[in-house]
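# A look at the structure
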Amino acid sequence: MNALDGKTNYFPYLLLLPALALTMLIVAWPLAETVRLSFTNSSLNPVENYVGFKNYIKIFGGKFPEVIVRTFYWMLISVTFKMVVGVAGAMLLNCAVPGRNLFRILIMPPWIVPIAIGVFIWSWMYNGQFGMISGIGQWLGIFAGPFEFLAYRNTAFYATIVTDVWVGTPLVTIYLLAAMQSVPGDLHEAAWTDGASRFYRFRRITLPLIMPAVATMALLSAIWTFNSFDIIWILTEGGPRGSTTTMIVDTFKTAISRNRYGEGAARAVMIVVFLTSFSAFYFYMLSRFAKRALDKTGGKK
Amino acid sequence: MKLLKLAAVSMLALGTFSGAQAAETELHMIQCGDNTWGGDFAEKHIAEWEAQNPGFKVNLEYLAWGQCQDKAKTLAAAGNAPALAYMGSRTLKQLAKNNLIIPINMTDADKATYAPPVLGTVTADGQVWGAPRAFSTKAFFWNKDLFTAAGLDPETPPKTWDEMYSFAEQIIAKTDAQGVGLAAASFDNTMHQFMNYVYSNGGEVINSAGDIVFNSPQNVETMAFYGKLASVSQTGPIAYDRAKLGPLFINGQIAMYIDGPWARARLNEGGVNYGVGFIPAGPSGASGTLLITDSLAVFKGTGVEEQALSLAKYLTNPVNQFEFEMAAGLTPLRAVAGVKDMIAEDPTWAAFLDIIPAGGPEPFVTDYVGLQDAINDAIQSVVLGEATPAEAVAAAAEELEDTK
């Protein structure tokens, strides 16, 4: 770094050193260690040996590809619902209705309540004998008798998604609400004066202006959902028959429950690879959409 | 001057005290749960052992159930093992295979104090790998009021699987309750529940030679019966582990189920009119039960193995162990004198204790979670109708080869 007098100034680099050291310690080193472990047969045995790509070959020879597909499917459905419900919720909370602040507070409990407690409540709600959902379903005549949502592959899969959406939506809503509040009011007033409908104003003013926030939140939400562990673990432990086993659950079972640290590390590395690839693809698509939008407007921002 | 003298004396005293402290060798002991679980007696016994072994101090660390065993294993794998730790006996073979624990050098006289199947829960390759510390068996519970309502004799539980099934059908036909409580969730006690039926039908998972013998006609029969029970059980058994069956039984929603001795307290509290007996026998066997123990494991490489071994043996000697069991409300590991009084006081204990000789151990393998997943998957595949019992058992047996 050059100082005003043209001499190289090393002091700024010195100031960066603590942050760099900390990053190396808490990010780079564990990551490097995970990659190293993934090439070993590390287990409870204090002696570990390098096994090359054996762990990777083994996991791809098993049910792991199925788990990868399931993880992305689970994530896409969950994030889509979170974003749709989040945008709708933010719009409603942005409306000038009486008691708006109260509603803004009331939307937060799913996010505030410790996840374990919230999910445990859901596990009882899904119970056929005592649960509210089955009870209402029977009362409405939808179910002939008690229905156990966590007992079947499909219903368990979607039940975990519903709970994940319940937990994750408040943050999306509040984040997008903040973005909506930053949209200048005079734009809406001008459009309203021109006779634009509420939906038209949302589509042509609000949505384009909050799009950067939506894009950011969608990516963050995707990453959090991809790594969501406690909801599935508490509700189903990955069952029935692996139908709710996502990559993170599979990795935990292998590395922690079965003490196969090498194989678990290989799975963890694959999570990093897939999440990074997904993020890269996401940014690539975003930049393409942004470019197309700019082209449409003749390059004017 | 006086002040200086005082300071010098204090420093000398402090030095002596520190020296005494430094001379004490610490034994790190990990215990699951907290002090309320027989802790007062355990701590009293530890203090007695310390008095008999001057120079050694036990650092007793209580850890939550969900963390204690993982912490002990992780510390051991990292080369910083505790001297001894409370572990599920199911983990001992894995620890032994990885050279992390030492065997408990029991004499024949020591071994003779346990029923052989109990010792089977901690024995592999002819070595005893843990000092049994906690023990449970399972028994068959039935709701006498529902039996009466269904026109069954409330004092006569089913003796065989056929009877159990027909009783269940009768209960469904004549009451609002379901016949049987069935666990098939992806939790460890699903496998435990299934093993009760395996041992009541002459089956095994792994034999004394260490071979996987899961794919047997007896186990196919057991798997078929477990699947068949789903038709007379509460709906969606895959959503239920054993703990969730208790509330159904208390509410009179199921008439029969299998549980441990601890269930009685809740049932008594709930005012349930129930009976406890042996688990009905399958067509190829006699009534049995699953024997589960937790043990004190002595870790290798701590430098205090000898003392840890001595402490483990002291804590689990017949007198101290029974005191601990009574305080913690556990099933007695040995048939000591006090056991007869227990049965006289509460005859329902007989169903849990008299069955011990016919019980089978929790399968002793090196990858317990793998075993549990394989068997649970087989159970779920049959309950969901996605595989025949023979296919499910064969597939599980193949997976189990990787866990022994």
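What you see is a predicted model; the values in this text were computed from it and never measured. (Residues numbered from 1 in each chain as written. Chains lettered and ligands numbered in written order. Predicted model: local features only at pLDDT ≥ 70, side-chain atom pairs only at ≥ 80, totals over all residues.)

## A short note on the overall build of chain B
Our working definition: For helices the rule is a DSSP run of H or I covering at least 4 residues; for strands it is a run of E covering at least 2, with both sets numbered from the N terminus onward. Exposure classes come from backbone-placed C-beta atoms, where a residue is buried if 20 or more other C-beta atoms lie within 10 Å of its own, exposed if 12 or fewer do, and partly exposed in between.
Within chain B one finds 18 helices and 13 strands. In terms of overall dimensions, chain B has C-alpha extents of about 95 × 45 × 40 Å along its principal axes. The buried share of chain B, taken over its 404 residues, is 50%.

## Structural notes on the domain arrangement of chain B
Frequently, the measure chosen for interface size is the accessible area removed from exposure when the parts meet. Residue and element names in this part refer to chain B. Definition in use: These domain limits were set by an automatic method or by a database of domain assignments. In this description, any two residues whose backbone-derived C-beta atoms lie within 7 Å of each other are considered to be in contact. Here the term charged refers only to Asp, Glu, Lys and Arg, the term nonpolar to Ala, Val, Leu, Ile, Met, Phe, Trp, Tyr, Cys and Pro, and the term polar to all other amino acids, Gly among them.
Per the domain assignment, the segments making up chain B are domain 1 (13-135 + 293-350) and domain 2 (139-288 + 365-400). If you average the C-alpha positions of domain 1 and of domain 2, the two centres end up 32 Å apart. Residue-level contacts link seven residues of domain 1 with seven residues of domain 2. In terms of residue class, the side of domain 1 that touches domain 2 is made up of no nonpolar, four polar and three charged.

## What to know about the nonpolar core
Operational definition: Note on terminology: a nonpolar core is any set of buried Ala, Val, Leu, Ile, Met, Phe, Trp, Tyr and Cys residues joined through C-beta atoms within 7 Å.
Among the nonpolar cores identified, the biggest contains 167 residues, and B:Leu84, B:Ile101, B:Phe141, B:Met256, B:Ala297 and B:Phe299 are the most heavily contacted of them. With 10 residues, the single largest contributor to this core is helix H8 (residues 153-181) of chain A. Counting contributing residues per domain, this core is built from domain 1 (13-135 + 293-350) and domain 2 (139-288 + 365-400) of chain B, each supplying no fewer than three. Leaving out residues up to four positions away in the same chain, B:Phe299 has contacts with B:Ala76, B:Ala81, B:Pro82, B:Ala83, B:Leu84, B:Ala85, B:Leu100 and B:Ile101.

## A short note on the interface of chain B and chain A
Counting from both sides, the interface comprises 26 residues of chain B and, opposite them, 22 residues of chain A. Of all the elements in the fold, those that place two or more residues in the side of chain B that touches chain A are helix H3 (65-77), helix H4 (92-97) and helix H17 (368-383) of chain B. With five residues, H17(B) is the single largest residue contributor to the side of chain B that touches chain A. Grouping the constituent residues of the side of chain B that touches chain A by class yields 11 nonpolar, 12 polar and three charged.

## A few points about the sheet that holds strand S8 (residues 139-143) of chain B
Residues and elements named next belong to chain B. Note the cut-off: By the convention used here, strands pair only if DSSP detects at least 2 bridges between them. Angles shown run from 0 to 180 degrees and are taken between the N-to-C directions of axes, each axis being a line fitted to C-alpha atoms and, for helices, limited to the stretch in contact.
Judged by pairing direction, the sheet is mixed, and its four strands sit side by side in the order S9-S10-S8-S11 without closing on themselves. Two strands lie at the open edges of the sheet, namely strand S9 (178-180) and strand S11 (274-277), each paired on one side alone. Taken over all neighbouring pairs, the strand axes of this sheet differ in orientation by 20° on average, direction set aside. Across four bridges, S8 lies against S11 in antiparallel orientation. Bridge pairing in S11 links Phe140 to Gly277. Lying over the sheet, helix H8 (residues 161-174) contacts S9 and strand S10 (254-259), oriented at roughly 165° with respect to S9.

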